[in-house]
Amino acid sequence: MNPACRLAAVALALVGLEGTARPQDVDLTIPPYSGAYEPQGVDERGLWMEVDEAERQFRDSTHVLKDERLTQWLGEVLCRTVGDDRCASARIYVVRDASFNAAMAPNGLMLVHTGLLARLTSESELATILGHEFAHFERRHTLNQFKKIRASTDLMAWFGLAGAAARVDMTSVQNSLIAGIFSYSREQEMEADKLGAAYAKASPYRLNASAVWKRVIEEDNARREARGLRKRRHKYSGWLDSHPAEAERQEYLAELEAKVGDEGDPGVEAYREAIAPVLPMLLDELLRRNDFGGVDYILRSRGELAGWSGPLLYAQGELYRQRGNPRDLVTAREFFTQSMNYPDAPAESWRGLGLCAIRLGDREAGREALAEYIRRAPDAQDVGMMKLLVEGTGDQTK
Ligand SMILES: [Zn+2]
């Protein structure tokens, strides 16, 4: 489900699905697990040592989110998805990176990006993605990839990508470094999808993969639309045309889901509870992306699918306030006001409302909202500045 998988999916669509088993013919029994793969021979043992050393450096880096509760929950979801014997082979790290990404190394290290958590809305979606990545690991696709990486480039680039990717949005999957490292074959992608579906079928979760791909397509469409409107010279032939691979994959996975049935737990409520403590941070990362269209889509779809909340409506307001067109300020003000109806509304909603009101010329309302912000967040870093604004605005109204 990393950029790799998307790239391979391009290949998959280009060749078409002829000659492969249709979903109704797919056997979804899980093969016996032979345990974590042990490196064979001098080359593989050397590779393992390098990956282990890279992991030691990586786990102390600031890119890794050290949140024990969150990491433990991810491990529990993985264990419920692939079973206790399999999940014992994996070590999960949460990477602070707003891109939609997850990956696994052949020594059992699994990366889950915060951008993935920000976009998913249920444990069943998370289970599908973790299962897909684990399937690449179990089938040793990752081993073959790392052998290629080792021969061609610096192994640390694989980890370095996690940090660098903060500046690489989803539309940059053509990035040659990513392409070189993460290009699974069409057969490998289908194998991982199939084994991932088998895990899901045997797990308490519902197989829930196609919805994720649908949103990947829609997010990219929203991003292109927003950028296209800004840059008239940029021509797009048509959105569906630009996503043949993802569309094909979504359709294939939807057929698989129909075959498996709809009996498992979607896990929407459990996901919302697990994510709630870090949601403000996840949303803040998205807001720093300078990606109005994509982030607007992510926030709206999250609200519709998983329910609105104070932090989510605040983030919507901030997104519009930061773009700052006059109409955006009106919209932002509405979002901030709505967020205040929720018990978990952040103090920053009052700051946002105040700043919008002042810029819209409603100084008295602005002053009141900023004063309320200061009352709710007396220790915030920008309180001094806001006090000046309250006083300055007061002077202007005199
Ligand atoms: Zn994949």
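Structure report, in brief. These numbers come from a predicted model, not from an experiment. (Residues numbered from 1 in each chain as written. Predicted model: local features only at pLDDT ≥ 70, side-chain atom pairs only at ≥ 80, totals over all residues. Heavy atoms only, no water.)

A few words now on the overall build of the protein. Scanning the protein for helices and strands turns up 20 helices and 4 strands. Among the 398 residues that make up the protein, the fraction classed as buried is 56%. Contacts spanning at least 24 positions in sequence make up 73% of the contacts within the protein whose residues lie at least 6 apart. Approximately 18300 Å² of the protein is accessible, and the part contributed by carbon and sulfur atoms is 50%. (Helix = DSSP H or I, 4+ residues; strand = E, 2+ residues; numbered from the N terminus. Buried < 20%, exposed > 50% of the residue type's maximum accessible area, 1.4 Å probe, protein only. Contact = heavy atoms within 4.5 Å. Areas by Shrake-Rupley, 256 points an atom, 1.4 Å probe, with all protein chains shown as cover.)

The next thing to look at is the state of the cysteines. If you walk through the whole model with that rule in mind, you get 1 disulfide. With a sulfur-sulfur separation of 1.9 Å, cysteine 79 is cross-linked through a disulfide to cysteine 87. Here the disulfide of cysteine 79 and cysteine 87 is right-handed, its torsion about the S-S bond being about 80°. (Disulfide = S-S within 2.5 Å.)

Another point: the sheet that holds strand 1 (residues 64–65). Taken in spatial order, the 4 strands line up as 1-2-4-3 in an open sheet, and their pairing is mixed. In this open sheet, the two strands that pair with only one neighbour each are strand 1 and strand 3 (102–104). Two strands pair when backbone bridges link them, and strand 1 and strand 2 (residues 91–95) are joined in this way by 2 bridges, in the antiparallel orientation. Bridging across to strand 2, valine 64 finds its partner in valine 95. Helix 6 (residues 123–138) rests against strand 3 and strand 4 (109–113) of the sheet, and its axis sits at about 25° to strand 3. (Pairing = 2+ DSSP bridges. Axes fitted to C-alpha atoms, helices over the stretch in contact; angles between N-to-C directions.)

Before going further, it helps to spend a moment on the pattern of salt bridges. In total, this model carries 25 salt bridges according to the counting rule given. Glutamate 44 is the partner of lysine 147 in a salt bridge, and the nearest nitrogen-oxygen pair spans 2.6 Å. Taken together, the positions of lysine 147 in helix 7 (residues 141–152) and glutamate 44 in helix 2 (residues 41–59) put the pair 103 residues apart, joining distant regions of the chain. Residue classification places lysine 147 among the partly exposed positions, given a relative accessible area of 36%. One salt bridge in this structure joins arginine 333 and aspartate 362, with 2.7 Å as the shortest N-O distance. (Salt bridge = Lys/Arg side-chain N within 4 Å of Asp/Glu carboxyl O.)

Here we take up the packing of aromatic side chains. All told, the structure shown has 9 aromatic pairs when counted by the stated rule. Joined through ring pairs, the aromatic side chains of Tyr33, Phe134, Phe137 and Tyr199 make up one cluster. Positioned above the aromatic ring of phenylalanine 292, the side-chain terminus of arginine 323 is 3.7 Å from the ring centre. Lying over the aromatic face of tryptophan 350, arginine 376 brings its terminal NZ or CZ to 3.7 Å of the ring centre. (Phe/Tyr/Trp six-rings, centres within 6.5 Å; stacked < 30°, edge-to-face > 60°. Lys NZ or Arg CZ within 6 Å of the ring centre and 35° of its normal.)

Moving on, we get to the pairing of strand 2. Most of strand 2 sits inside the fold, with 4 of its 5 residues counted as buried. Sheet topology places strand 2 next to strand 4; 5 bridges connect them, and they run parallel. Pairing of arginine 91 across the sheet is with leucine 109, part of strand 4.

With that out of the way, let us pick up the side chain of glutamine 316. Mapped onto the fold, glutamine 316 is located in helix 16 (residues 310–323). Judged by its relative accessible area of 0%, glutamine 316 is buried. Apart from the residues lying within four places of it in its own chain, the contact partners of glutamine 316 are Asp296, Leu299, Arg300, Trp308 and Phe335.

Here we come to unusual backbone geometry. Notably, arginine 140 is not glycine yet its phi reads approximately 65°, a positive angle. Tracing the backbone shows arginine 140 in the loop between helix 6 and helix 7. Its identity is not glycine, yet asparagine 290 carries a phi of approximately 55°, on the positive side. By relative accessible area, which is 64% here, asparagine 290 ends up exposed.

With that settled, the discussion passes to helix 3 (residues 68–82). With 15 residues, helix 3 extends 21 Å from end C-alpha to end C-alpha; this agrees with the ideal 21 Å at 1.5 Å per step. For helix 3, the complete set of buried residues consists of Leu70, Trp73, Leu74, Val77, Leu78, Thr81 and Val82. Within helix 3, the buried residues cover an arc of 150° as seen down the axis, which keeps them to one side. Along helix 3, exposed side chains directed more than 90 degrees from the buried face belong to Glu68 and Gln72. Capping of helix 3 at its N-terminal end is provided by aspartate 67; its side-chain oxygen lies 3.3 Å from the backbone amide nitrogen of arginine 69. Of the residues one or two after helix 3, glycine 83 is the one with positive phi, at around 95°. (Expected span 1.5 Å × (residues − 1). Arc of directions from axis to C-beta. Polar contact = N/O pair within 3.5 Å; in protein donor to acceptor, adjacent residues only side chain to side chain.)

Time to look at the nonpolar core. Judged by nonpolar contacts, the single largest core of 75 residues is most densely connected at Trp73, Leu78, Leu117, Leu126, Phe134 and Ile275. Split by domain, the residues of this core number at least three in each of domain 1 (3–260) and domain 2 (278–397). When neighbours within four sequence positions are excluded, isoleucine 275 is seen to be in contact with Leu70, Trp73, Leu117 and Leu282. (Core = buried A, V, L, I, M, F, W, Y, C linked by side-chain atoms within 4.5 Å. Domains from an automatic or database assignment.)

When you tally the buried positions in strand 4, you get 5 out of 5 residues, the bulk of the element. Residues of strand 4 alternate between two faces, with Leu109, Leu111 and His113 on one and Met110 and Val112 on the opposite face, all of them buried. As paired strands, strand 3 and strand 4 are joined by 3 bridges and run antiparallel to one another. Paired with alanine 102 across the bridge in strand 4 is valine 112. Hairpin connection between strand 3 and strand 4: a loop of 4 residues separates the two successive antiparallel strands, and glycine 108 in this loop has a positive phi of roughly 105°.

The next point concerns the packing of helix 3 against helix 6. In contact at an axis separation of 9 Å, helix 3 and helix 6 are set at 75° when each is read in the N-to-C sense. Comparing their axes, helix 6 and helix 3 come out roughly perpendicular. Between helix 3 and helix 6, the contacting residues are Trp73, Leu74, Val77, Leu78, Arg80, Thr81 and Val82 on the first element and Glu123, Leu126, Ala127, Leu130, Gly131 and Phe134 on the second. For the contact of helix 3 with helix 6, the class distribution of residues is 9 nonpolar, 2 polar and 2 charged. (Parallel < 35°, antiparallel > 145°, perpendicular 65-115°, else oblique. Nonpolar A, V, L, I, M, F, W, Y, C, P; charged D, E, K, R; others polar.)

These figures capture arrangement, not role.
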